[in-house]
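Descriptive structure summary
Each chain, letter by letter, is given below.
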Amino acid sequence: MQQPSTDEHPVVQHAHPTAGVYLRVATILVILTVIEVGVFYVPAFHSILVPALLLLSAVKFTLVVMFYMHLKMDSRFFTFLFGGPLLLGLGMTMGLMFLFGAFALRR
Amino acid sequence: MTIAAATHRTSMGLDSRKMAFWAFIGSECLLFGSLISTYLVYKGRSVVGPYPHDILNIPFTSVSTFDLLMSSLMMVLALAAVQRGDLKWAKVWLVATALLGIFFLSGQVYEFTSFVREGLTLQTNLFGATFFVLTGTHGAHVTVGVVWLLTLWVRALQGQLTAANAVTVEICGLYWHFVDVIWIVIFTVVYLIQ
Amino acid sequence: MTECWDSSTFDAVSRDRRWLLPLLCAAGAACGGPFPQSSLRPRSDFAGAIDRLFTDIFWWAVLVFILVEGLLLFIIVRYRYREGAPTPKPTHGHTLLEIAWTLAPALILVFIAVPTMRTIFATQTDSPAGALRVEVVAHQWWWEYRYPELGVVTANELHLPAGRTVALALTSADVIHSFWAPGLGGKRDVIPGRTNRLVLRPDSVDTLLGQCAEFCGASHANMRLRVMVEAEPAFQAWVGRQQAGAASVAKGSLAEQGQQAFRRYGCVGCHTMGTMSTAIIGPNLTHLGSRMTIAGGLFPNDSVHLTRWIADPPAEKPGSIMPNMHVPAGDLAALIAYLRTMR
Amino acid sequence: MSRLKRLMSWLTTTDHKRIGLLYFYTAFVFFLVGGLEALFIRAQLAQPDGHVVSAETFNQLFTMHGTTMVFLALMPLTASFFNYIVPLQIGARDVAFPRLNAFSYWVFVLGALLMNASWFTGPLFHAGRLNVAPDAGWFGYANLTSRQYSPGPNIDFWLLGLQILGVSSLAAGFNFIVTILNLRAPGMKMMRLPVFSWMTLVTSFLIITAFPVITVALVLLMFDRFFGTHFYLTSAGGDPVLWQHLFWIFGHPEVYILILPAMGIVSEVLPTFARKPLFGYTVVVYSGVLIGFMGWGVWSHHMFSVGLGPIADSVFSATTMLIAVPTGVKIFNWLATLWGGQLRFTTAMLFAIGFIALFTIGGLSGVTHASPPADLQQTDTYYVVAHIHYVLFGGTIFGLFAGMYYWWPKMTGRLLSETLGKWHFALVFVGMNLAFFPMHLIGLLGMPRRIYTYSPDLGVSTLNLVSTIGAFLIGVGVLVFIWNVWRTRTRGQTAGNDPWGGATLEWTISSPPPVHNFDVIPTVASRLPRWTKTQLKAIPEGAKLAEIHVPGGSIWPLVTALGLPVLALAPLSHRLPFAFVGATIILLGIFRWAFEPFEA
Ligand code: HEA
Ligand code: HEA
Ligand code: CUA
Ligand SMILES: [Cu+2]
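1. Description of helix α5 (residues 232-243) of chain C
It helps to recall that an α-helix has 3.6 residues per turn; residues three or four apart then point in one direction. Residues and elements named next belong to chain C. Over its twelve residues, α5 runs 16 Å from end to end, which matches the ideal 16 Å to within 8%, given 1.5 Å per residue. Of the residues making up α5, those classed as buried are Phe235, Trp238, Val239 and Gln242. Seen from one end, α5 has its buried residues packed into an arc of 100°, which puts them on one side. With respect to the buried face of α5, the exposed residues turned more than 90 degrees away are Pro233 and Arg241. For α5, the secondary structure elements touched by its buried residues are β1 (132-139), β2 (142-147), β3 (152-155), β4 (157-161) and β10 (224-230).

Written out as structure tokens, the structure reads:
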């Protein structure tokens, strides 16, 4: 956690990106989605389907969170408030999948 | 560059409502995390069909996904407009966001009913149960978002949305984008990775 | 105090557990008897491994306990408020101390963790070839034991040969239960849809008590079990008796009337009985007479208790799946006579 | 004020202090209810083959005892201190969202009442008996909770009640996170925050992350019971063990939700009565944070007998044992705080010291649980029951009693009697050890938990009798406390601002504090503002005090909260209209709330 500051502070609004940035992000998101669906349909990709899709959706996820939800410009503390539980949730999912034998590590 | 808003002073210089809302979103991460975990843990354990590859309609859902992405774009544009004090465009973007949300929901209603017609219900198998509860919870969130957006839109029509209370729109936006982000995950995990 | 302890009591608490005796006495619990369900009386390799591990951990815990509570008592006495004493020096911390009391417990935990891991892997092995296989099926609220290689099916009383490794395969017919005979070792949950395993070797001839340890509904408290660990010949003899067909009933006897009643009242709908019926809702009654107890080890297997049981099972055992069949007294007597001949 | 007006002022209050008191009294009543249930349990078990209650009633008693103590007594009791004390400690006028705070309280009361209604509503369900309370244990393992094996309304009450209570806890969690982070007085850096407030913060984080998981677990159960799904049923490939994982992913953080606030209280009380600052403040705070974080990675230690395989057993065993390290660090820092002090044995201090002594025992039995092979003999026996009561009663309840004696004068303006207090302590301390220590032996000698009857053959009859006597002794001790509280209303010594010479901000203001808490928000220059020379900045002479806004009350939190139990009536009674009525109430409440002019 970032060390929160000492004194009272006026509430500040961090500047938000311009409409141009928003549009560019939207374009990238759409392209990525098209790629995702494309990867799904092209048989050549089937061996790397899962990692590729996970990577693509992680990128989309990050883009929306960083730009549309302004985490990139907003207080780092919000990143902690969101990222902390997100990581806990991710850990929980991995743990459960392991326990239910999804990674076939279990004897 | 920062714009000082003339509201309350707080210890961290952050708006309390916004902070609470980020904490709420953090909490929601675990709600959806648990639902997605359940889906994944039960994947491939259904003893009778229909199975995901029998029934999921990728082209259709891709359109829904595109629709939600566009609604997120409308949402940020709405926020930008409110922050500029541009009430006219704020109204347009807000109602556009809500309409795209409604469109998504209609898509989901159509999807659910066609699945039921093809023999996939909550009770059919584990796939049905996990699928409907996960996407249904997401749909419920979208519904709440639509109501919220329409409320803001009415406020805008009444001329009550100003740059000073833009944070109310911003928080609604956070919610809306979060719901979108969850859909990004669901689209990948449920629809594309079968 | 001392007269409470006869030698069997003393024996019941295992050798390296003698230190518990004064504790038990002090707690006023002395006269309780020989603790037939004690987890401190290992009777198998599995239970022995657990016992040794627990003893180790116990002494580490005693050490920490004495340290902390001793320190606390010392401080309470030494630093109690005294009239006119100066205000204490404010101390805010001490880095070296902090490191010390982080590392010391961590070290103790290593001494606990290493034997723990060893025991985990040693006690969760695959069953060796030649092990006696027994399938344990838990029901609300009784135990079914099947010996697939021997063709034996019995209930509530598990017979095992001493000195031979057994592999228990545990499943449930309804809700989650937990198989626990402390003398044999730790418990293992019995879960519908899963097959759990316990591999162990009983090491002495004894009768051990146990019971279901996972809450499983109204009569969870009444889901008891018994393990008869017998010498190999005795075990073989028991197997021989179980493998024999159902006893025949003499023509015109009360038992024969009972046999007809058994069919008439629909008992055959739930119970296996020789070749007469193969239903599996309730315990196999073919050799009921050879068992010491009935109804999940709850009652001794005698005419009195059998009569009460069949007259009104739910009254004897809350929630019992076996309903009250409203058998009139005459038929009841016949049924008992019949069941008593089924040895 | 007319009586009606006075009632309305309580129903609409948004003052954190009044809400704190409401929480306290309500939760204490539920503590008595839970205690009474425990006494019935003990009466039944006083001798083998007991006949005080029936098997069915016994199963309801221990289920409701555990559920009540955890969710309706201990959590809301800690919440009462969060409410009353935290804003005072951090120098705030109220919590960040006063109406949300009122909402949390009302949701809690209504959820609690709904769940306890099950004791009397059997006839409404044609159950053939009066009591249809939940009866599958406080962690309600599937598939015993399925419609097939629990056809009655018992489990419905449990799952709907818990679902509602979750809403209350979550709302409070968000509120206190923001309050503590954002409403601190000037100069109150995070590392100057009193430890109790720190632990409140950590607890709140645990709440907002752990509760969603049980929410989902309960939703799935709800679908299984009401809509015929098979999440926890083997018949369609589902697995009842999934419930266990989801429950304990929540359940283990939950036990730290219960202990961390008590640890915070102890960290306030010990320094005050030792006349020494807390030893190793930073370390104590960070180990609290670490305990909260590590609590997320240990859940399967409740499932060692499930048969998860040696790898999972080993991993969860190791993570569990690790938690003993930061916990030990706390214990040793408390001891070092006392070392070299001038210990004044007030009742609050006695309970805090009792906490150290008893919690250590509970922690050590926890470590014996953490070793999977050893735990196979202990799990689901009275040995576990001993563990949980040493940590929950010896730990949390002792910490809470310490807090009550410590802050009672602040909350009511009057000091509780020290003489009665010492009686209370002595009775509870002796009773608690008599009641719970023998349980270690009872368990090791082979008595499982959750059994309504046991055979005299087990040889644990005498030990059980001793335990029962101890339980009733605790009861006498609690009665002494009640008497103490009662007589203090009128006969208690008045407290003044600061009866103990405490170091933190709450002792700078009058007892009980004025509605707005602080005439001037203090500027803090030290971790122990009242003990250091560079104290609070004095109020400049003749400074013009800024106008203080005191928010008015609001009825809408109560109205919104009311919608939830009404909504729950729909599945409970299988009557859909309740759902519409409930939803309408909630929507109405939210909209009125959102558009109500309100000054926070
Ligand atoms: C206040 C609540 C609370 C707390 C704080 C704890 C703390 C701990 N608990 Fe406990 N626990 C419960 C409440 C709590 N527990 C409940 C309610 C259940 C039962 C639920 C049910 O089944 O109904 C349970 C059950 C439970 C189990 C499952 C038992 C079973 O069902 O078989 C286990 C297993 O590992 C466990 C372990 C621990 C450990 C290792 C700690 C540790 O955090 C303890 C750490 C503390 C110390 C160790 C003492 C101080 C340390 C020192 C002085 C340093 C030196 C020490 C050493 C080197 C050892 N607990
Ligand atoms: C959370 C805290 C907590 C607290 C404080 C307690 C307090 C007590 N608990 Fe319990 N207990 C649990 C949590 C707690 N418990 C849990 C989680 C379980 C597991 C449940 C399960 O298995 O599902 C459990 C289980 C449990 C069992 C095991 C039941 C079983 O497995 O069958 C027993 C048995 O003795 C017991 C006893 C007691 C006793 C004697 C007290 C005493 O300390 C109580 C003291 C309080 C009083 C005595 C109140 C005083 C009241 C009066 C004097 C009367 C008041 C009058 C009116 C109301 C008008 N508890
Ligand atoms: Cu079977 Cu408990
Ligand atoms: Cu735990």
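Let's pick the thread back up.
2. Examining the pairing of β3(C)
Residue and element names in this part refer to chain C. One ladder, built from four bridges, connects β2 with β3; its direction is antiparallel. Bridge assignment links arginine 146 to a residue of β3, and that residue is valine 153. Connecting β2 to the antiparallel partner β3 that follows it, the hairpin turn spans four residues, and glycine 151 within it adopts a positive phi of roughly 70°.

3. Quick look at the coordination of the copper ion (ligand 4)
Residue and element names in this part refer to chain D. The protein atoms donating to the copper ion (ligand 4) are His252 (ND1), His301 (NE2) and His302 (NE2), with metal-donor distances spanning 1.8 to 2.1 Å. Sequence positions of the donors to the copper ion (ligand 4) reduce to the motif H-x48-H-H. In this structure the iron atom of ligand 1 is found 4.6 Å away from the copper ion (ligand 4). Highlighted residues: histidine 252 in helix α7 (residues 240-274) and histidine 301 in the loop between α8 (281-294) and α9 (310-338), separated in sequence by 49 residues.

4. Some points on the packing of aromatic side chains
Scanning all chains against the criterion turns up 91 aromatic pairs over all chains. Pairing B:Phe21 with B:Tyr175 gives two aromatic rings, centres 6.3 Å apart and planes at 70°, and the pair type is edge-to-face. Of this pair, B:Phe21 sits in helix α1 (residues 16-41) while B:Tyr175 is found in helix α6 (residues 166-192), placing the two residues 154 residues apart along the sequence. Directly above the ring of C:Trp180 sits C:Lys187, whose terminal nitrogen or CZ lies 4.0 Å from the centroid.

5. Topic: the coordination of the iron atom of ligand 1
There is one protein donor for the iron atom of ligand 1, and it is D:His387 (NE2), at 2.2 Å. Examined against the element boundaries, D:His387 turns out to sit in helix α12 (residues 382-412).

6. So, the pattern of salt bridges
What the rule picks out here adds up to 18 salt bridges over all chains. Between B:Asp86 and B:Arg84 there is a salt bridge, with the nearest N and O atoms lying 3.0 Å from each other. By relative accessible area, which is 54% here, B:Arg84 ends up exposed. Taking the shortest distance from any N to any O, the salt bridge between C:Glu144 and C:Arg146 comes out at 2.7 Å. Overall, C:Glu144 belongs to the buried group, its relative accessible area being 7%. Of the residues examined, C:Arg146 reaches a relative accessible area of 27% and is grouped as partly exposed. Via salt bridges that share partners, A:Asp74, B:Lys18 and B:Glu170 belong to a single interconnected network.

Here is what the cut-offs are and how they apply
- Residues numbered from 1 in each chain as written.
- Chains lettered and ligands numbered in written order.
- Predicted model: local features only at pLDDT ≥ 70, side-chain atom pairs only at ≥ 80, totals over all residues.
- Heavy atoms only, no water.
- Helix = DSSP H or I, 4+ residues; strand = E, 2+ residues; numbered from the N terminus.
- Expected span 1.5 Å × (residues − 1).
- Buried < 20%, exposed > 50% of the residue type's maximum accessible area, 1.4 Å probe, protein only.
- Arc of directions from axis to C-beta.
- Contact = heavy atoms within 4.5 Å.
- Pairing = 2+ DSSP bridges.
- Donors = N, O, S within 2.8 Å, 3.2 Å for Na, K, Ca; no water.
- Phe/Tyr/Trp six-rings, centres within 6.5 Å; stacked < 30°, edge-to-face > 60°.
- Lys NZ or Arg CZ within 6 Å of the ring centre and 35° of its normal.
- Salt bridge = Lys/Arg side-chain N within 4 Å of Asp/Glu carboxyl O.

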